[in-house]
Number of protein chains: 2
Amino acid sequence: MTLGKKTGETEGLQMNEENLWCLKEDGYDPGLHKHYEGLFTQGNGYMHVRGSFEEGCSDAPQDEEYLRFPDNVTLEKPRHPKSKQGTFIPGIVARHPLLKEEIVNLPYYLGLEFLSAGERMDMDRCRISGYQRWLDLRDGSLHRSVIWETAEGMKLHCTFTRYLSMADTHLCIQQVQLEVLSGEGSLEVKATLRADVRTNGMNHFARIVPSADSEGSLSLETITEEGNQIFMLSALEASEAIVWHTENTRMTAALRGKCRLRTGDRLAVSKLTTVTTDRDMEEGTVRDRAFTHLGHARNLGLQQLYNRHAAKWKSKWQHADIRIKGDDAAQINVRASLYHLIRSNAEQDARVAICAKGYAGEAYFGRYFWDTEINLLPFFMHTNPQAARNLLLFRYNTLEGARRNARNYGYRGARYAWESSLSGEEQCANWQYADHEIHITADIVYALYHYVNATGDDEFLERYGIDILVETARYWCDRVDWNREGYGELLGVMGPDEYLPFTRNNAFTNRMVKFSLEQTVASLDSLQSGKSDSFAAAAERLGLRPDERELFRHTAEKLRLPYDSQMEIVPQSDDFTGYADVEFDSLWTDRSRPFGHFISQERNYRSKALKQADVLELMLLFPQEFPREQLEAAYAYYEPITTHDSSLSVAVHGIVASWLNHKEEAEAFLQRVMAIDFSLEKKGAAEGIHIANCGGLWQLIVYGFAGLASAMWSDTIKLQPRLPEGWEELSFQIVWRGEHYRITVNSGAYEVQKLNGGEAVAGTTI
Amino acid sequence: MTLGKKTGETEGLQMNEENLWCLKEDGYDPGLHKHYEGLFTQGNGYMHVRGSFEEGCSDAPQDEEYLRFPDNVTLEKPRHPKSKQGTFIPGIVARHPLLKEEIVNLPYYLGLEFLSAGERMDMDRCRISGYQRWLDLRDGSLHRSVIWETAEGMKLHCTFTRYLSMADTHLCIQQVQLEVLSGEGSLEVKATLRADVRTNGMNHFARIVPSADSEGSLSLETITEEGNQIFMLSALEASEAIVWHTENTRMTAALRGKCRLRTGDRLAVSKLTTVTTDRDMEEGTVRDRAFTHLGHARNLGLQQLYNRHAAKWKSKWQHADIRIKGDDAAQINVRASLYHLIRSNAEQDARVAICAKGYAGEAYFGRYFWDTEINLLPFFMHTNPQAARNLLLFRYNTLEGARRNARNYGYRGARYAWESSLSGEEQCANWQYADHEIHITADIVYALYHYVNATGDDEFLERYGIDILVETARYWCDRVDWNREGYGELLGVMGPDEYLPFTRNNAFTNRMVKFSLEQTVASLDSLQSGKSDSFAAAAERLGLRPDERELFRHTAEKLRLPYDSQMEIVPQSDDFTGYADVEFDSLWTDRSRPFGHFISQERNYRSKALKQADVLELMLLFPQEFPREQLEAAYAYYEPITTHDSSLSVAVHGIVASWLNHKEEAEAFLQRVMAIDFSLEKKGAAEGIHIANCGGLWQLIVYGFAGLASAMWSDTIKLQPRLPEGWEELSFQIVWRGEHYRITVNSGAYEVQKLNGGEAVAGTTI
């Protein structure tokens, strides 16, 4: 078997083109180890692996056992080992005694170690030079190149390449080549599958069965406490004759072998690993399926495997790419964000969604937040509508969990979890969020309509959406308190601004709930008059009483909004003015760190210091309802008291700044959005990717700079572009009601070109 | 050695007199096991032991290991084993990973088991009849009498007696007698010291060294995780010749021996146990001191030991007793409450205070709350001023912890912990209480003045109090927010009513803080003009800046009160009217259970459903500031929306009802107060004694029914009695500014008799 070669596609690239597609790490810095592990996470929807070194990292055991507490996210001081590996399969979760359900960090299957006369190749302990690493965003392949001068006197050029196949999603392909530049000696290779892995300090493995044979085959069967089975199977091949010896331990399947090398020799080793679980929607045992997948892969060969994989990525980029001329730094960062969005999406599997860290770390425990609907969905619905549909279908699939949540609180209907896992039941271990940040339930309805309007997929609404609508409307009617003037109120509410946990009539929440109830009534009306069969079926299925629709209508009509069009400043909530003013300058002495580190939660909770955009988010979602003066005033009032301690905040501010034509500020926000995951100072990707911010970056470009009118409110593509300074041309594709368009904006004009023979509409930039 | 006999004092009692002093359990009910363990807790200030059987309880292992969570107290569903033993020494605490510092449940030293032909005497498994158990409140001795018919055919009358010496506080005396009524056989005795004990599911013992010898001596040395040493040493004596065999295990020191008995024989066994710890304020090792104490006890002999103990109790009852003629049920219950108050008080040790469960259970983790100052202190300051002084000295001794609390929140000065343990640092694991229930810091200052006014102990104020005053005033000045009208506000506050966690300007809290600041200024003024040396010393010690007093004065003056004398209803807080009304009848379908079980915390937190008296507590503490109409209106408005889910609520309502001459309601509240620990239906003592409610009962009788004017506001003894129906006479002693008085109230008149030759003041009841 020979190593696969990349196709012409990736060969002979212009250096510049490579800079715009390859995310590079220049020089190894142990302090950035964890950051790059997050940033270089690879994935294919089915599984995800952080960008750890094949040989691991010294002084960073992966099985540290400790009890992690459900602290306030701002206040928590999580552990910071030098390295944290991460192997995640969406859907494989287990219970943590304090943190509830968390995605399990699975056994590490990338293990490949090299030893020269007992000296283990180690980035921190050996004589290593010429370090280069890069993630090729075009195909999601990760590359490393180093020179290793062994103590024995060999000088080896080592190159590592790996990818998780986008076409054969159970498969990971690794290739390592060691070229002897000078010297000679024996070299040992050790390949492992390691289960000495903890998730947030917790062991979730009930049974581990390592196995290996001298034919170069390794396997590790893991059964979690919840009973999930994970089977990992690897096949090793080497260009030199190597005799493999089994070196299994209780936790690890391992093979070790050696060969002798001289100057000019090249040793190539490949490791093909297939991973199967009992959650796969396939017939057969995990073991049988793993062997089948591996056999299939070996039959195809490395070249063909790569071709299939690369073609998949190419197709994804065709729809998702955003091209920016004139700003190479933005170009590569935007593409890296899009890469993580593409990778995180589980494609056909609507039993899971996209977790808050994009399956690139243990933070947030692999859970699903409102980010999915509000921050991520627009990207997917305009680049991959099927993926967007699956994300909403996930909410339909977890409606039963949402019903249980409502019941647990003593309400009828369905109440979506602030933090959802597989069942939809509440997983948030901090009650102030779980109990009071209720807007998630309305956000899902907003997203549902956004999707339907953007795609025209009315069938989704009729078949699935109506259940969500009716059940959540029932919850809202129970959740509303009626004041003595006959108005409905939402008390004890945490809005998107999580620094005020307990407000009266949060403007964002109340508007979203009103929308949700209004749309429920409208959809019931429309279904009844249009498709009375569907309506009758839904009414029966949901036990819809005749008077309920009237209750929904009444509640929607009478639900208080704490603002009107006459107000100069739209208040965040009815009680907002009563909170205390904060002297930011005296408190927040280091603005490179979150404001939350400089104030106790107690004080924060009674102060006008916002964690994130709240009223601005409202105005972003309902742009037609707020005159420009109100938007301008809200931006001027709230931005200075917003700490942006949440990664969801900056992109929203950027869009609003762009709408208001505050170009410099919008560009500054763009820089901040990009810094969240990419800044080496912040090491923002250490705990995973801020995937909502990746979606926010797409929105900042598409809704902000290109000025696309939201499909929620516009039937047709309308643009009002305002490009950042220096951007010569911005172009991207969108899907709009089933049709594909290419949008191209440059400094003087914009063009909307319908693809597949559609008409092009031309206009002028402002 | 012969068994000790009680002195004449307790012999030849009239049956009725015994009923008024002996708390009885008639007939054994396994379902009430845990309740009686709490209710029959014995103690002497130094140590406390729950009323468990000497032989233990089948099916209730004491070493169940589990992780208890810091749940909301109302929502928590704690474990309910059939039996929970408890051995507590105030000051021996350890860290729980989730619950912070908790008092350690120490090894069980009462163990005495009896076996007949292998059949272990067991209340649930043997043929037992004639069960009687009673706690004699006069001397705190616990008695049990049963007939045991063994499978082998012996009929044994078994009597168990024990007490913790009030005079020799390291000592526990146990006496068991078995009289053979018929049959014969061999009988085995097993004596144990058992360390297989967990506290709230957690092991806190790092080292256990059991030891025993055939001379009838047993010892158990325990070292906790925190490094505390506890040494238990027992000496066995029996009336028959018994050869003792060692039966130690890793966790248990045990001796076993047997004798043969025939009809008419009596076997008497005594076990004297001394307990010492490294926290004792005595010289020498724990081991040496335990042997010294035990030797001393054995030299004295059982009779003299008992006499010393009984004399101490007699002296305590002389000051503390409340005599009620005409209501025997109230009489015994009141005495039982007084018994627990007396027992819980650590006498001379101001390193500890009285924990919320009166050291009678693991609930509330042995911590100190505002209960101490507001609910318990009046009883102690009028019956045992030295004990009251020690309770306040405890707060002085933990001032450094309070300073750390303030610093942790970013404030200057001192902030007392909502839940305190030894150091004064915050131990409450639920942030909504720890962060927002801030009134504790002012409550302590209120109590300080209450104590000084009641006792005339001005020296305490000058020597200790001034530091508390200045440091807490500094905290308040930092905690206050200033609104745009120039008034100080306290935002984000949980008042005594813990069902509204996040209010604006809670009336109770703001009034207490204003008082606290005003008194600080007044005391500084007075100290400076009176004892300028003391003032100068304090000013230097505290780094008091010249402008600080002006800041205290200004803050006191400008601190907003959410009410004035014109208002019909004093609002609980500025935002109170905005909370939602609750339809109690539809929600609270079983009023025998707490309201909190019928509503989610989320909904509760936004509803007008009070956990406990809040405005009424304010009016109780500042009676002169509220005209009767406001008191009447507050009672009428708040009582129906108060759930009394807190045991602190009912007594306050009883006092106010009494003041308002709502006699039937006051009497109903009296019944509810007594039911809290004594009702067999509620099994209220299972987790420990509601010691604050015991103090509340004293206040209900003294402030309510006798109508004593608070020493906070009255220089002289003023009474306004309103006795409950059927009470023919109420009499009790109080200490008032150093003088002892006997107060006697009967239906027609009252009498205040100065003791030790003082004048008597007579008046007429209303």
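Owing to the predicted nature of the structure, the values given are computational and were not obtained by experimental measurement.

K.L.:
Mind laying out the overall build of chain A, listing which residues take part and the relevant values?
P.N.:
The number of helices and strands found in chain A is 20 helices and 26 strands. Here the C-alpha atoms of chain A give a radius of gyration of 27 Å, agreeing with the 27 Å that 2.2 N^0.38 yields for 766 residues. When burial is assessed residue by residue, chain A has 65% of its 766 residues classed as buried. Accessible surface for chain A amounts to roughly 26,900 Å². Of this, 46% is attributable to carbon and sulfur atoms.

K.L.:
For the interface of chain B and chain A, give the residues involved together with the corresponding values.
P.N.:
The interface of chain B with chain A comprises 31 residues on the first partner and 31 residues on the second. Contact with chain A buries area across many residues of chain B, yet Trp431, Glu602 and Arg606 of chain B alone supply 25% of it, more than any other trio. At the boundary of chain B with chain A, the tally comes to 6 salt bridges. Our count for the chain B to chain A interface comes out at 14 residue pairs in polar contact (both at pLDDT 80 or more). Every element with two or more residues in the side of chain B that touches chain A is listed here: helix 8 (431-436) and helix 15 (601-604) of chain B. Per element, the largest residue contribution to the side of chain B that touches chain A is 4 residues, and it comes from helix 8 of chain B.

K.L.:
Let's hear about the packing of helix 4 (residues 328-344) of chain B against helix 5 (residues 371-383) of chain B: which residues, and what values?
P.N.:
All names here are of chain B. Two elements in contact, helix 4 and helix 5, have axes whose closest approach is 11 Å; the angle formed by their N-to-C orientations is 85°. Classified by the angle their axes make, helix 4 and helix 5 are roughly perpendicular. Of the residues in helix 5, those touching helix 4 at Leu338, Leu341 and Ile342 are Leu376, Phe379 and Phe380. A class-by-class count of the residues in the contact of helix 4 with helix 5 yields 6 nonpolar, no polar and no charged.

K.L.:
So, the relation of the copies chain B and chain A: which residues are in play, and what are the values?
P.N.:
In screw terms, the move from chain B to chain A is a rotation of 180° and a rise of 0.0 Å along the axis, fitting with an RMSD of 0.0 Å. In the structure described here, the two chain copies are related by an operation that fits a two-fold rotation axis. Closest approach to the rotation axis among the C-alpha atoms of chain B is made by Phe502 of chain B, whose C-alpha sits 3.6 Å away.

K.L.:
Quick rundown of the packing of aromatic side chains? Include the residues and the values.
P.N.:
Summed over the entire model, instances satisfying the criterion amount to 82 aromatic pairs over all chains. Between the aromatic rings of Phe705 of chain A and Trp727 of chain A, the centroid separation amounts to 5.3 Å while the plane-to-plane angle is 70°, which identifies the pairing as edge-to-face. Note that Phe705 of chain A is positioned in helix 20 (residues 691-705) and Trp727 of chain A in the loop between helix 20 and strand 23 (729-736), a separation of 22 residues in sequence. Note on accessibility: Phe705 of chain A and Trp727 of chain A belong to one class, buried. Taken together, the ring pairs connect Trp431, Phe502 and Tyr605 of chain A together with Trp431, Phe502 and Tyr605 of chain B into an aromatic cluster. Cation over ring: Arg335 of chain A sits above Trp21 of chain A, and NZ or CZ is 3.7 Å from the ring centre.

K.L.:
How would you sum up empty space enclosed by the protein? Please name residues and give values.
P.N.:
All names here are of chain B. Per the counting criterion, the structure on display carries 11 cavities of 30 Å³ or more. Within this model, the largest cavity holds a volume of roughly 230 Å³. Forming the boundary of the largest cavity are 20 residues, of which Tyr66, Arg79, Pro81, Lys84 and Glu362 lie nearest the centre. Its residues assigned to classes, the lining of the largest cavity comprises 6 nonpolar, 4 polar and 10 charged.

K.L.:
Tell me what's going on with the pattern of salt bridges, and back it up with residues and numbers.
P.N.:
All names here are of chain B. The final tally for this structure, using the stated rule, is 119 salt bridges over all chains. One salt bridge in this structure joins Arg504 and Glu489, with 3.3 Å as the shortest N-O distance. Of the two residues, Arg504 sits in the loop between strand 22 (488-489) and helix 11 (507-530) while Glu489 sits in strand 22, which places them 15 residues apart along the sequence. The class of Arg504 is partly exposed, set by a relative accessible area of 22%.

K.L.:
Describe the domain arrangement of chain A, and please don't skip the residues or the numbers.
P.N.:
Residues and elements named next belong to chain A. The domain boundaries assigned to chain A delineate domain 1 (41-74 + 86-320) and domain 2 (322-760). Here the C-alpha centre of domain 2 lies 37 Å away from the C-alpha centre of domain 1. Counting residues at the interface gives 40 residues for domain 1 and 47 residues for domain 2. For the pair domain 1 and domain 2, the summed buried area comes to about 3,600 Å², and 55% of that belongs to carbon and sulfur atoms. The interface formed by domain 1 and domain 2 includes 0 salt bridges. Here domain 1 and domain 2 share 15 residue pairs in polar contact (both at pLDDT 80 or more) between them.

K.L.:
Just give me the short version of the pairing of strand 13 (residues 185-194) of chain B, but keep the residues and values in it.
P.N.:
Residue and element names in this part refer to chain B. By the criterion of burial, strand 13 is predominantly enclosed, with 9 of the 10 residues buried. Bridge count between strand 13 and strand 18 (residues 252-261): 10 bridges; the pairing is antiparallel. For Lys190, the partnering residue across the bridge sits in strand 18 and is Arg256.

K.L.:
Before we move on, could you go through the sheet that holds strand 4 (residues 87-88) of chain B and cite the residues and values that matter?
P.N.:
All names here are of chain B. Reading across from one edge, 2-3-4 is the order of the 3 strands in this open sheet, with antiparallel pairing throughout. Of all strands in the sheet, those bounded by a partner on one side alone are strand 2 (42-43) and strand 4. When strand 2 meets strand 3 (residues 48-49), the two strands line up antiparallel, connected through 2 bridges. Bridge pairing in strand 3 places Gln42 opposite Val49.

K.L.:
Describe in detail the sheet that holds strand 19 (residues 266-277) of chain A, supporting the description with residues and values.
P.N.:
Residues and elements named next belong to chain A. Strand order in the open sheet made by the 9 strands is 1-9-10-11-12-19-16-15-14, with antiparallel pairing throughout. Here the strands that pair on one side only, and so sit at the sheet edges, are strand 1 (22-26) and strand 14 (205-213). Here the strands of the sheet are splayed against their neighbours by 15° on average, with no regard to which way each runs. The pairing of strand 9 (residues 127-136) with strand 10 (residues 141-149) spans 8 bridges and is classified as antiparallel. Residue pairing in the sheet places Asp136 in a bridge with Ser141 of strand 10.

K.L.:
Describe the pairing of strand 25 (residues 749-754) of chain B, listing the residues and the values that go with them.
P.N.:
Judged from the 5 bridges that link them, strand 24 (residues 739-746) of chain B and strand 25 of chain B form a sheet pairing that is antiparallel. Note that in strand 25 of chain B the partner of Ile743 of chain B across the bridge is Val752 of chain B.

K.L.:
Can you explain helix 13 (residues 548-558) of chain A? Please cite residues and give values.
P.N.:
All names here are of chain A. Within helix 13, the full set of buried residues consists of Glu548, Arg549, Phe552, Thr555 and Ala556. The buried residues of helix 13 occupy an angular sector of 130° when projected down its axis, which confines them to one face. The secondary structure elements touched by the buried residues of helix 13 are helix 10 (458-479), strand 21 (481-482), helix 11 (507-530) and helix 12 (532-542).

K.L.:
Residues and numbers for the confidence of the model for chain A, please.
P.N.:
All names here are of chain A. Looking at chain A, the pLDDT average stands at 94 and 96% of residues meet or exceed 70. Ignoring residues within four places in sequence, the model shows residues 1-13, a span with pLDDT below 50, making 28 contacts including any to other chains. Overall fold confidence (pTM) sits at 0.94, and the ipTM for the predicted complex is 0.92.

K.L.:
I'd like to hear about the packing of helix 10 of chain A against helix 13 of chain A, residue by residue, with values.
P.N.:
Residue and element names in this part refer to chain A. For the pair helix 10 and helix 13, the least separation of the axes is 10 Å and the interaxial angle reads 60°. Classed by the angle they form, the pair helix 10 and helix 13 counts as oblique. Remark: the crossing between helix 10 and helix 13 carries left-handed chirality. Residues Val470, Ala473, Arg474 and Cys477 of helix 10 pack against Glu548, Leu551, Phe552 and Thr555 of helix 13.

K.L.:
Provide a residue-level description of the nonpolar core, including the pertinent values.
P.N.:
One finds Leu730 of chain A together with Leu730 of chain B to be the most contacted residues of the largest nonpolar core, which totals 361 residues. Beyond its immediate sequence surroundings of up to four residues, Leu730 of chain A is in contact with Ile322, Arg323, Ile324, Ile701, Ala706, Leu723, Ile743, Thr744 and Val745 of chain A.

K.L.:
I'd like a rundown of the side chain of Asn105 of chain A, residues and numbers included.
P.N.:
Residues and elements named next belong to chain A. Turning to its location among the elements, Asn105 is positioned in the loop between strand 6 (100-103) and strand 7 (112-116). Within the local environment of Asn105, its side chain forms a polar contact with the backbone nitrogen of Thr87, the two atoms lying 2.9 Å apart. The contact partners of Asn105, leaving out residues within four places of it in the chain, are Lys84, Gln85, Gly86, Thr87, Phe88, Val197, Arg198, Thr199, Phe205 and Glu362.

K.L.:
Outline the side chain of Ser83 of chain A, supporting the account with residue identities and numerical values.
P.N.:
All names here are of chain A. Among the secondary structure elements, Ser83 is positioned in the loop between strand 3 (48-49) and strand 4 (87-88). Under the relative-accessibility criterion, Ser83 is labelled buried at 1%. In this structure Ser83 touches His33, Glu37, Cys57, Ala60 and Gln62, once residues within four positions along its chain are discounted.

K.L.:
Describe unusual backbone geometry, with residues and values.
P.N.:
All names here are of chain B. If you check the backbone angles, Asp59 has positive phi at about 60° while not being a glycine. For Lys100, which is not glycine, the phi dihedral falls at a positive 65°. Position of Lys100 relative to the elements: it lies in strand 6 (residues 100-103).

The rules behind these values
- Throughout this description, residue numbers start from 1 for each chain and increase along the sequence as written.
- Labels follow written order: the first chain is A, the first ligand is 1, and so on.
- Totals for whole chains, interfaces and linings use every residue, but because this is a predicted model, local features are given only for residues with pLDDT of at least 70 and side-chain atom pairs only at 80 or more, for both listing and counting.
- Working from all heavy atoms in the structure, the side-chain values ignore hydrogens and water.
- The way it works is that DSSP assigns letters per residue, a run of H or I at least four long becomes a helix, a run of E at least two long becomes a strand, and they are numbered from the N terminus.
- Our radius of gyration looks at C-alpha atoms and nothing else; its globule reference is 2.2 Å times the residue count to the power 0.38.
- Residue burial is assigned from relative accessible area. The probe radius is 1.4 Å, only protein chains are included, and a residue is buried under 20% of its type maximum, exposed over 50%, and partly exposed in between.
- Per-residue accessibility takes into account occlusion by the displayed protein chains alone, with areas from the Shrake-Rupley method and a 1.4 Å probe.
- Every residue pair with non-hydrogen atoms within 4.5 Å of one another is taken to be in contact.
- Here's the idea: put two parts together, see how much 1.4 Å probe accessible area each one loses, and the total over both is what we call buried area.
- Between Lys or Arg on one side and Asp or Glu on the other, a salt bridge is scored when a side-chain nitrogen of the former is within 4 Å of a carboxyl oxygen of the latter.
- Two N or O atoms form a polar contact when they lie within 3.5 Å of each other; inside protein one atom must be a possible hydrogen donor and the other a possible acceptor, and for residues adjacent in sequence the pair counts only when both atoms belong to side chains.
- Only the stretch in contact is used when a helix axis is fitted, and all axes are lines through C-alpha atoms; the angle between N-to-C directions ranges over 0 to 180 degrees.
- What sets the label is the angle itself: under 35 degrees gives roughly parallel, over 145 gives roughly antiparallel, 65 to 115 gives roughly perpendicular, and the rest give oblique.
- Side-chain classes follow a simple rule in which Ala, Val, Leu, Ile, Met, Phe, Trp, Tyr, Cys and Pro form the nonpolar group, Asp, Glu, Lys and Arg form the charged group, and the remainder, Gly included, forms the polar group.
- The atoms used to superpose the copies are C-alpha atoms, taken from residues with pLDDT of at least 70 in both, and the fit is least squares.
- Pairing of aromatic side chains requires ring centres within 6.5 Å, counting the rings of Phe and Tyr and the six-membered ring of Trp. Pairs whose planes differ by under 30 degrees are stacked, by over 60 edge-to-face, and all others tilted.
- Distance and angle both matter: a charge sits over a ring if NZ of Lys or CZ of Arg is within 6 Å of the ring centre and within 35 degrees of the ring normal.
- Each cavity reported here is a set of points on a 1 Å grid over the protein atoms alone in which a 1.4 Å probe fits but cannot get out, each pocket an open set with protein on both sides within 12 Å along at least five of seven lines, and each lining residue one with an atom within 4 Å of a point.
- Grid points are joined across faces, edges and corners, and a volume is the space filled by probe spheres set on the points.
- Note: domain ranges come from an automatic or database domain assignment.
- DSSP bridges decide pairing: two strands pair if at least two such bridges lie between them.
- The reported arc concerns the directions from the helix axis to the C-beta atoms and nothing else.
- pLDDT measures how confident the predictor is about each residue, on a scale from 0 to 100.
- Crossings are sorted by hand: turned counterclockwise from the far helix by less than a right angle, the near helix makes the crossing left-handed, and turned clockwise it makes it right-handed.
- Only buried Ala, Val, Leu, Ile, Met, Phe, Trp, Tyr and Cys residues count toward a nonpolar core, and they belong to the same one when joined by side-chain atoms within 4.5 Å.

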